[in-house]
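Residue strings, one per chain:
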Amino acid sequence: MTTVYDFKVRDMAGNEVSLEEYKGKVLLIVNTATGCGFTPHYEPLEAMYNEMKDQGFEILDFPCNQFAGQAPGSDDEIHEFCTLKFGTEFPQFAKIDVNGETADPLFAYLATEKPFQGFGKGIKTKMLSKFADKNNAAFGDKAYIKWNFTKFLVDREGNVIARFEPTEDMDEVKKAVAEAL
């Protein structure tokens, strides 16, 4: 049975990192962008990380520029922005693609384990759905992730147990993380 521990990713220096290094921890794996309306999610993510990291919690941050070009900087520029503006301390990896033929295998796996179920209800989510559908049309059946700040919760055994779209209330994400811990 495949788990997240079967995947390797690249750190910001381009070195290969096995996710097996995180075995036994609860993970929140997030695709991010520095110029998105959801970029303020970094603040509650960092607060959650600081509060729960000593209990075996890690956030793995993967910048992605596939959504309206909202992460255009280099890995170093993105990292500097996140650390200076939001004080992020959780691991940030090299910028990746999460959709299409060049999608990182980790994100294809995560999205297969927990497929998209919608952005929720309300005017804001309807607008995001239209924009996301237009943006992701080019990826066809490989549009695994619908927008920036999609979060996947992984248990201590490496199983994907939840998916949170960027429209999900961050208090609900925190509650799920606390339960997984």
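Residues numbered from 1 in each chain as written. Predicted model: local features only at pLDDT ≥ 70, side-chain atom pairs only at ≥ 80, totals over all residues. Heavy atoms only, no water.

1. A few points about the sheet that holds strand S4 (residues 57-63)
Stated formally: Here, a strand pair is defined by DSSP locating no fewer than two bridges between the strands. Note on conventions: DSSP H or I runs of at least 4 residues are helices, E runs of at least 2 residues are strands, and numbering of each starts at the N terminus. Lines fitted to the C-alpha atoms define the axes, with helices restricted to the stretch that makes contact. Angles between their N-to-C directions range from 0 to 180 degrees.
Spatial strand order, S4-S3-S5-S6: 4 strands in an open sheet with mixed pairing. Unpaired on one side and paired on the other, S4 and strand S6 (160-164) mark the two borders of the sheet. Averaged over all adjacent pairs, the angle separating strand axes in this sheet is 20°, with direction ignored. Relative to S4, strand S3 (residues 26-32) runs parallel, the two being bridged by 7 bridges. Paired with asparagine 31 across the two strands is phenylalanine 62, which belongs to S4.

2. Digging into the nonpolar core
Selection criterion: Take the buried residues of types Ala, Val, Leu, Ile, Met, Phe, Trp, Tyr and Cys, join any two whose side-chain atoms come within 4.5 Å, and each joined set is a nonpolar core. Burial here depends on accessible area, computed with a 1.4 Å probe over protein chains only, as a share of the maximum for the residue type. Under 20% is buried, over 50% is exposed, and the range in between is partly exposed. Any two residues whose heavy atoms approach within 4.5 Å at even a single point are treated as in contact.
The biggest cluster of nonpolar side chains holds 58 residues, and the ones touching the most others in it are Val4, Ile29, Phe62, Leu106, Phe107 and Leu110. Broken down by element, this core gets its largest block of residues, 6 residues, from helix H3 (residues 105-113). The residues touching leucine 106, leaving out its near neighbours within four places in the chain, are Val4, Phe7, Val9, Leu19, Ile29 and Phe62.

3. As for the confidence of the model for the protein chain
Stated precisely, the cut-off is as follows: pLDDT runs from 0 to 100 and stands for how confident the predictor is about each residue.
Averaged over all residues, the pLDDT of the protein chain is 92; the fraction at 70 or higher stands at 100%. Of all secondary-structure elements in the protein chain, the lowest mean pLDDT belongs to helix H4 (residues 123-136), at 80, while strand S5 (residues 151-154) reaches the highest, 98.

4. Some points on the side chain of asparagine 99
Test applied: For the purposes of these results, a polar contact is taken to be a pair of N or O atoms within 3.5 Å, where, inside protein, one atom must be able to donate a hydrogen and its partner to accept one; residues adjacent in sequence count only when each atom of the pair is a side-chain atom.
Looking at the secondary structure, you find asparagine 99 in the loop between helix H2 (75-86) and H3. With a relative accessible area of 0%, asparagine 99 lands in the buried category. Within the local environment of asparagine 99, its side chain forms a polar contact with the backbone nitrogen of isoleucine 145, the two atoms lying 2.8 Å apart. With residues near it in sequence (within four places) discarded, asparagine 99 still touches Gln66, Phe67, Asn136, Phe139, Lys142, Ala143, Tyr144 and Ile145.

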